[in-house]
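Observations on chain architecture
Below, each chain spelled out in residue letters.
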Amino acid sequence: DLVIVVPPAATVPGVIQDCVDQGVKNAIIISAGFKEVGPEGEKLELEVQRIATKGNLRIVGPNCLGIICPTSGLNASFANLMPQKGSVAFISQSGAMITSVLDWSVSQKVGFSAVISIGSMLDMDFSSMIFYLAKDSATKSIVLYMESIGNARNFLSAARECSLTKPIIVIKGGRTDAAAKAAASHTGSLTGSDAVLDAAFKRAGVLRVDSMSDLFEMADVLSKQPLPNGNRLAILTNAGGPGVLATDALASHGGVVAELSPKTVQDLSGVLPAAWSHGNPIDVLGDATAKHYADSLEIVAKDPNCDGFLVILTPQAMTAPTDCAVALTKYAKIQGKPVLASWMGGPDVAPGAKVLNDAGIPTYAYPDMACRTFNYMHQYQTNLDSNYDRIDLKVDLEAVQAGKLQAQKLIASVRASGRSLLTEAESKLLLKAYGIPVTPCELANSPQEASAAAEKMGFPVVIKLNSTTITHKTDVGGVVLNLHTSYAVEKAYNDMKESVSRLASPEGFEGVTVQPMISLKGYEIILGSSLDPQLGPVLLFGTGGALVEVFQDSAVALPPLNPNLARKMLQETKLYKALLGVRGMGSVDMDQLIQIMVRFSVLILDLPEIAECDINPLIASEDSIMSLDARVLLHDPSVDAVDLPQPSIRPYPHQYVCSYDLDDGSKAKLRPILPEDEGLMRHFYARASWPDGCDPASMPNEEEHPTCTLDRQHLIRTCFVDFDRSIVLVAEVDKAIMGAGRISREEMSDDFTFSLQVLPECRKKGLGSKILKRLIELSRMEGAACIKADVFCENKRALRFLEGHGFRLGVPTHSGRLVPAKYQLTDSSHHRSRSRTGSKALAGDRKPTLMMS
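Note on numbering: residues in each chain are counted from 1, in written sequence order. The model is predicted, so local features are restricted to residues of pLDDT at least 70 and side-chain atom pairs to those at 80 or more, both for listing and for counting; the totals for chains, interfaces and linings are taken over all residues. Hydrogens and water are ignored here; the side-chain numbers use all heavy atoms of the structure.

Topic: helix α1 (residues 12-21)
Applied cut-off: When accessible area is computed with a 1.4 Å probe and restricted to protein chains, residues below 20% of their type maximum are described as buried, those above 50% as exposed, and intermediate ones as partly exposed. What counts as a helix is a DSSP run of H or I of at least four residues, what counts as a strand is a run of E of at least two, and both are numbered from the N terminus. Directions drawn from the helix axis to the C-beta atoms are what define this arc. In this description, contact between two residues means that some pair of their heavy atoms is separated by no more than 4.5 Å.
All of the buried residues along α1 are V12, P13, I16 and C19. Projection of α1 onto a plane perpendicular to its axis shows the buried side chains occupying an angular sector of 115 degrees, all on one side. The elements touched by buried residues of α1 are β1 (3-5), β2 (26-29), α2 (39-54) and β3 (58-60). G23, located one to two residues past α1, shows a positive phi value of around 80 degrees.

Following this line, the structure appears as structure tokens:
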């Protein structure tokens, strides 16, 4: 089953070959001396990878400590400690970090469900382990020590799915340049931009912390207390000073002190002495009893203005720390609101702190530590919520893509000429193709042509340098503003030609573009894209103009964007409040701005030849939004299409949209689902007789079609699809969803599972057949070996339907309740897994297929 490899690096390829020859399927390579030491080591690593891939052998490592599984008693590592059993899984790229944590865990009595050292991630990486641990019933939370993300696309896919049910907390080494260099030397991998990694973690619903103590603290807290629905904290204290410190600590990282409702203040006045603070922090005074604490928490827990609670106790003569702790234990599980405590002091408060911790109320030595924990909890909840908020603003992606062919022809023409830099005129044509508003732009190759264009356009005008070699026009005098006459235009043309020739070269001047002078009564914005070495294309939005580097007010995000993600990006900048209207200026049309951001995201993903793209400035006012200038830099023309950087999140597969004529003459559009479809899907499931995800036991026969309760998480898993792992097709008829089908890749395999559901009124129109044939076709295009499902035995219509479409039915399973159905797409004897890191179907374990023709 498993070989642990420890000899010198030079001998490891031979050992792995021996493993393959003996039919071994798994190996842990503890040996070091591979890519982290340089080119020779990298060559050895590639040889090991070649042998293992050919022999279908999976590898953890090299340069790792190994794996420890306390639940099974396995210690396949060179650590000398077997940790206690627990519910936290720890994955680390650093073996030394693991040994230190294991030693610490003994004194702290911290247990683990798994401890995994993955080293330099030749094969199995963070995503592989997260996929496994997401299904592990012994694991309640996952903590990561990361130096490089590895396969970013797989990591984000795994983390995004897992974080819906289990928290993932990460500490990432390499925030500073010096630390990044040390991390690269340690693992032999690029670390990427820290700000971009932050954006990636947020997109995947991963909580990033700053210290090792926070790492395990948050894992413990998230396993005991619910996440808050907001950032408003109620603070109960028997001393004013700790309450003030807690308030400062809370506010410094985004939390706010909750404003108590009048009823809460009134009720507290009925149970507390008259001298209590009558506000938040709630000072219950130095002689507070256990009853004062318990009564106060019970009252404030009912206040809708409070999202969480911090109870602070300092040892005083009239206060019994342990009695107070015992009184609070019955409030350890307040629905949807976390309770934290700070029992300040030493031996006098220690028994009470233990009582609270044992009851599931995390207890801290100091209130600022508790406030930091609350802020982390709110940040984690915000990451999850903002990724899956309901989307009200819709963007017509098909309309956005209308100019794709035109844009591709323009890019191909520029590359064919041997150029990488687009002129401003070409850059604006590119933006215009995707519906991004740009200023009119006329090319002129002489002073006379420039003045004629200006007269036609109307004064005042701007002339700008047209050049295929010069990137920054202002550096060479290549921009002249506010020209009011033909004479001024011709003079500016000649002056610019002289300036460019003197400051750059005569060849750099290739005429000018003439544009209308746009009033700058608005905000200057930069909207751009660049490449991250690990995560591919990255989007940037922020304060633009000539001082963009000075203000440094920007947010980054990974494409693709939907309207909610674009809005979230806006909200992360200081500019956002100004855009809503300030100092007598009205609000910018935020919906239009969001539409532009989404369109820009589609442009970047549609055209992987783009290395960098900046719209600066994009002028936004209450009247209009307009791109005044744009710069586009392509990858070198010598770079082949297959070698162009890919996005870390697979974009919407536009190519899978198609239309069909149904048997009754009506038309159905089959397309991949969008997050914006949540409302339509809720209506679809409400009309459907067998909602997906029903317990098979609730469906005793074909005649009984019970309705299942549909929670939002099911809609999230359906509508917010990771297209690397699943594709959900919806059939739209007359702007309503009448059918839906799903294909999902199984983990570590190229077998696909599928499900299909059609509303009763469309069963006789051939819609089910159309969807199934399309699912089979897409499975083949996605590289599936076969497509399969389980069907209820009593669903005879579905079984006949599948057989009629070429599926082979197997022997009933699950006590004879389910029939496996399989459609083979390739010769299984010659098929090998497409991805060594694999993917798991978004829906989790296979569920019975719902089949209605």
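Quick notes on the packing of helix α5 (residues 152-162) against helix α7 (residues 194-204)
When two helices pack together, their arrangement is given by the angle between their axes and by how far apart the axes lie. Applicable threshold: Orientation is described by lines fitted to C-alpha atoms, with helices fitted over the stretch in contact, and by angles between N-to-C directions that extend from 0 to 180 degrees. Throughout this description, any angle smaller than 35 degrees is read as roughly parallel, any larger than 145 degrees as roughly antiparallel, any in the 65 to 115 degree range as roughly perpendicular, and the remainder as oblique. Under the convention adopted here, Pro, Cys and the residues Ala, Val, Leu, Ile, Met, Phe, Trp and Tyr are nonpolar, Asp, Glu, Lys and Arg are charged, and Gly plus all remaining residues are polar.
Two elements in contact, α5 and α7, have axes separated by 8 Å at closest approach and are oriented at 40 degrees. Viewed along their axes, α5 and α7 adopt a mutual orientation that is oblique. Contacts between α5 and α7 involve F155, L156, A159 and R160 from the former and A200, F201 and A204 from the latter. A class-by-class count of the residues in the contact of α5 with α7 yields six nonpolar, no polar and one charged.

Overview of the pattern of salt bridges
Spelled out, the test is: One speaks of a salt bridge when a side-chain nitrogen belonging to Lys or Arg is within 4 Å of a carboxyl oxygen belonging to Asp or Glu.
Counted according to the given criterion, the structure contains 39 salt bridges. Between R50 and E47 there is a salt bridge; the shortest N-O distance is 2.7 Å. Taken together, the residues R50 and E47, both in helix α2 and three residues apart, mark about one turn of the helix. In this structure, R208 and D198 form a salt bridge, with 3.0 Å as the shortest nitrogen-oxygen distance. Remark: D198 occurs in helix α7 and R208 occurs in strand β10 (residues 207-208); sequence separation between them is ten residues. Its relative accessible area of 4% is what places R208 among the buried residues. Taken together, the salt bridges that share partners define one network made up of E424, K428, K464, K473 and D629.

Re the environment of P304
Assignment of secondary structure puts P304 in the loop between α11 (290-300) and β14 (308-313). Note: C-alpha distance between P304 and P437 (133 residues apart in sequence) is 44 Å. With residues up to four places along the chain from it excluded, the contact list for P304 reads R232 and K337.

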